[in-house]
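The chain contents come next:
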Amino acid sequence: MAATVETVDQVRALADDKYKYGFVTDIEADTAPKGLDESTVRFISAKKEEPEWLLEWRLKAYRQWLTMPEPEWAKVDFPPIDYQDAYYFSAPKTTEAPKSLDEVDPELLRTYEKLGIPLREQEMLAGVAVDAVFDSVSVATTFRHKLAEKGVIFCSISEAIKDYPDLVKKYLGSVVPYGDNKHACLNSAVFTDGSFVYIPKGVRCPMELSTYFRINAANTGQFERTLIIADEGSYVSYLEGCTAPMRDENQLHAAVVELIVLDDAEIKYSTVQNWYPGDENGVGGIYNFVTKRGACRGKNSKISWTQVETGSAVTWKYPSCILQGDNSVGEFYSIAITNNMQQADTGTKMIHLGKNTTSRIIAKGISAGKSQSTYRGLVRMGAKAKGARNYTQCDSLLIGDKCGAHTVPYIESRNSSAQIEHEATTSKISEDQLFYCRQRGIGEEDAVALVVNGFCREVLQQLPMEFAVEAQKLVGISLEGSVG
Amino acid sequence: MLEIKNLHADVEGKAILRGIDLTIQPGEVHAIMGPNGSGKSTLAHVISGRDGYDVTEGEVLYRGKNILDMDPEERAGEGVFLAFQYPVEIPGVTNTTFMKEALNSVRKYRGEDELDAMQFMKVIREKTKQLGISNDMLKRAVNVGFSGGEKKRNDILQMAILEPSLAILDETDSGLDIDALKTVADGVNLLRSPENATLVITHYQRLLDYIVPDFVHVLAKGKIVKSGDKSLAQELEKKGYAEFTDQAA
Ligand SMILES: Nc1ncnc2c1ncn2[C@@H]1O[C@H](COP(=O)(O)OP(=O)(O)OP(=O)(O)O)[C@@H](O)[C@H]1O
Ligand SMILES: [Mg+2]
């Protein structure tokens, strides 16, 4: 620890020097120097050849970030983050944009394969377009042509900024303003990549869109920015999955996802999050501070969030829906599994503004080891949300007696015609169930996985098929060592 | 095939089994009868490896192997099956999923190939047909919302699928109507072979009309106090257990 503090002090001293001598970051470098200041933000923007308005936006975000305190209301506990002890821009060695998978560094492809992401097979089998993010630069994008035929845009946010500046300018920050919260602020200042999706009017996206996010280079904070727009009468299902290799230093991940849904359109957004949770003593592991929010702007629009959260040392994440359009629908289906020393504070916000808007929240929390899991949810019924309805069900399952599960529902209603229903249960995995399974030949860990998968079924069912199978396996893997 | 020698077991410091001796040969059907609380379920649990029982003395040999050191799933792999007095509900897990996982786990233990979904469906269709069990039960979550009789039938279906060599039925007949009783009997009789054995725990002579036992034992206060042939069951039905409970005390 002492060594780290020392290093940090040195870095700080260096940073101060930079200002003194008018130090300018070397734009030719592949990596921005460690630490964060205005020049880092300018470096990123210059690297990305961004328009002036975006640089200004980033700088405003950066300046606001400096003034904001860390959010401290979540039930998570971790040492203060040293923002100066991280890199904010790095790229893999092969930066020439590959035109096909053949041009991708075979070493990278092998890593993907180890993680069970065989791009080639996926291309053929699942008909899934993959925009694989390695570190901060997209290294492979597939199925672009097939999507283009339908007018669907699916590319990295950096490309979108260049190729579709009007769309980006119109919608970026329109759901999550740069000053929304400290983590979103940081993301706005330094985001390096992420995905952009636009589904034109009346188009049903012909395939599930999928991005695998990964973190690889040591000490690279990841600041992904995703923007998805579903124009009138369109539909898209978007999958986001992540894995990360073993590492022993805490890493900050502060992503922002914005969804915009216009009249009669729908976005289904599914996540399987499996970042390194740290070892059983809680050493290492990713800090995952995500701001995900969707706006149902149009009438009869719909957003459905489904998440399976099994990784990260600390998770801070509340995918939310702003139900503006009349009759719009918001859904949140969540599985949060914590084991060992993991901490998760997750939930959703359903903000009902339009008439007859409905929302449904199904949250399943599973805690094992010495982990702590909190469901935190807000349901707000606005004054004009006549006839709005919400149904919330929160179930917690405890494995062992050293873990904790907490449910914190906030309900605000300014409208007497709105209906809110809330159900919550907490149970322990039962000895009877485990013995029943084991008597039938099913090993103890498989029995836990089976019972837990059963407990989560309502949520797993929401996932697209291929993803559901992966997620079920993940449920088992993440609870390994939780019994016996 | 099963040799229980001087078995003593405690639950939470209280002696429940107090010196059980029982030998079951391949091909035999044994029935255990006895008053409530005499230790019948405890015996079934100790044989199948449930946690929470302290074996203080004695041993249980199954095909010559001491199984008391094995995990419950290993015993299941070795061919020990218990039909539960109170089958357990597993919400969200369909019967098909559960049985497929069970069968494949057992097959894996025995060094056999696992079955894929198609092969498994073939097995399950055959067994439900043989037992006259409706397929509706397969899609439902394991025992959730099942009637008492349906739960028992479901256990028998699992037994038929796993094809154990030693089946222990803990009051599987309690609360069953005549048709269900026949299903249970069919399930047991389907398994009967010179290699397999069955241990039936029951309170009623009725089941033994369908599953004819070679031996009947009376368990009272944690001991086998009398053994005989099937006529003993009839005698018990007439006279009750008073004689034995006095004797064992
Ligand atoms: N977990 C436990 N804690 C305390 N006592 C127990 C426990 N399990 C069993 N017992 C006691 O052990 C004794 C035997 O119970 P067991 O269930 O084996 O009886 P049984 O013969 O199966 O009875 P029944 O005919 O009612 O099914 C009872 O007195 C019971 O209360
Ligand atoms: Mg009993």
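Residues numbered from 1 in each chain as written. Chains lettered and ligands numbered in written order. Predicted model: local features only at pLDDT ≥ 70, side-chain atom pairs only at ≥ 80, totals over all residues. Heavy atoms only, no water.

A. Summary view of the overall build of chain A. A count of helical and extended segments in chain A gives 13 helices and 21 strands. Counting only residues that meet the buried cut, chain A has 59% of its 484 residues in that class. Counted over contacts in chain A with a minimum sequence separation of 6, partners at least 24 positions apart contribute 83%. Summed over all atoms, the accessible surface of chain A reaches about 19600 Å², with 51% contributed by carbon and sulfur. (Helix = DSSP H or I, 4+ residues; strand = E, 2+ residues; numbered from the N terminus. Buried < 20%, exposed > 50% of the residue type's maximum accessible area, 1.4 Å probe, protein only. Contact = heavy atoms within 4.5 Å. Areas by Shrake-Rupley, 256 points an atom, 1.4 Å probe, with all protein chains shown as cover.)

B. Up close: the pattern of salt bridges. Tallied over the full model, the rule gives 29 salt bridges over all chains. In this structure, Glu 50 of chain A engages Arg 58 of chain A in a salt bridge whose closest nitrogen and oxygen atoms are separated by 2.7 Å. An identical accessibility class is assigned to Glu 50 of chain A and Arg 58 of chain A; each is buried. The residue Glu 73 of chain B makes a salt bridge to Arg 438 of chain A at a minimum N-O spacing of 2.6 Å. One end of the pair, Glu 73 of chain B, is in helix H2 (residues 72-78); the other, Arg 438 of chain A, is in helix H10 (residues 431-439), on a second chain. You can call Glu 73 of chain B buried: its relative accessible area is 12%. A relative accessible area of 8% means that Arg 438 of chain A is categorised as buried. (Salt bridge = Lys/Arg side-chain N within 4 Å of Asp/Glu carboxyl O.)

C. Here's a closer look at the site of ligand 1. All names here are of chain B. Surrounding ligand 1, one finds 15 residues, the nearest of these being Gly 37, Gly 39, Lys 40, Ser 41 and Thr 42. Here Gly 37 contributes a backbone N or O atom positioned 2.8 Å from an oxygen atom of ligand 1. Per-element accounting of the shell around ligand 1 gives the leading share, 3 residues, to helix H1 (residues 40-48). When the residues that make up the shell around ligand 1 are grouped by side-chain class, the tally is 3 nonpolar, 8 polar and 4 charged. (Near = heavy atom within 4 Å. Polar contact = N/O pair within 3.5 Å; in protein donor to acceptor, adjacent residues only side chain to side chain. Nonpolar A, V, L, I, M, F, W, Y, C, P; charged D, E, K, R; others polar.)

D. Representation of the interface of chain B and chain A within the structure. Counting residues at the interface gives 33 residues for chain B, matched by 19 residues for chain A. Run the count over chain B and chain A and you get 4 salt bridges. For the side of chain B that touches chain A, the secondary-structure elements that each account for two or more residues are H1, H2, strand E6 (80-83), strand E7 (90-94), helix H3 (95-109) and helix H6 (148-162) of chain B. Here the side of chain B that touches chain A takes 6 residues from H3 of chain B, the largest share from any one element. Looking at the side of chain B that touches chain A, its residues break down into 17 nonpolar, 9 polar and 7 charged.

E. Inspection of the sheet that holds strand E4 (residues 54-62) of chain B at higher detail. All names here are of chain B. In space, the 4 strands of this open sheet follow the order E2-E1-E4-E5, with antiparallel pairing throughout. Here the strands that pair on one side only, and so sit at the sheet edges, are strand E2 (14-24) and strand E5 (65-66). Packed onto the sheet, H1 meets strand E1 (2-11), E2 and E4 and runs at close to 110 degrees relative to E1. (Pairing = 2+ DSSP bridges. Axes fitted to C-alpha atoms, helices over the stretch in contact; angles between N-to-C directions.)

F. Fine view of the coordination of the magnesium ion (ligand 2). Residues and elements named next belong to chain B. Distances from the magnesium ion (ligand 2) to its protein donors, namely Ser 41 (OG) and Gln 85 (OE1), fall within the range 1.9 to 2.2 Å. With Ser 41 in helix H1 and Gln 85 in the loop between E6 and E7, this residue pair connects regions lying 44 residues apart in the sequence. The same class applies to Ser 41 as to Gln 85, namely buried. (Donors = N, O, S within 2.8 Å, 3.2 Å for Na, K, Ca; no water.)

G. Structural context of the sheet that holds strand E12 (residues 223-228) of chain B. Residues and elements named next belong to chain B. Pairing within the open sheet is mixed, and its 6 strands lie in the order E6-E9-E10-E3-E11-E12. Where the open sheet ends on each side, the last strands, each with one partner, are E6 and E12. Ignoring which end each strand starts from, the neighbouring axes of this sheet average 20 degrees apart.

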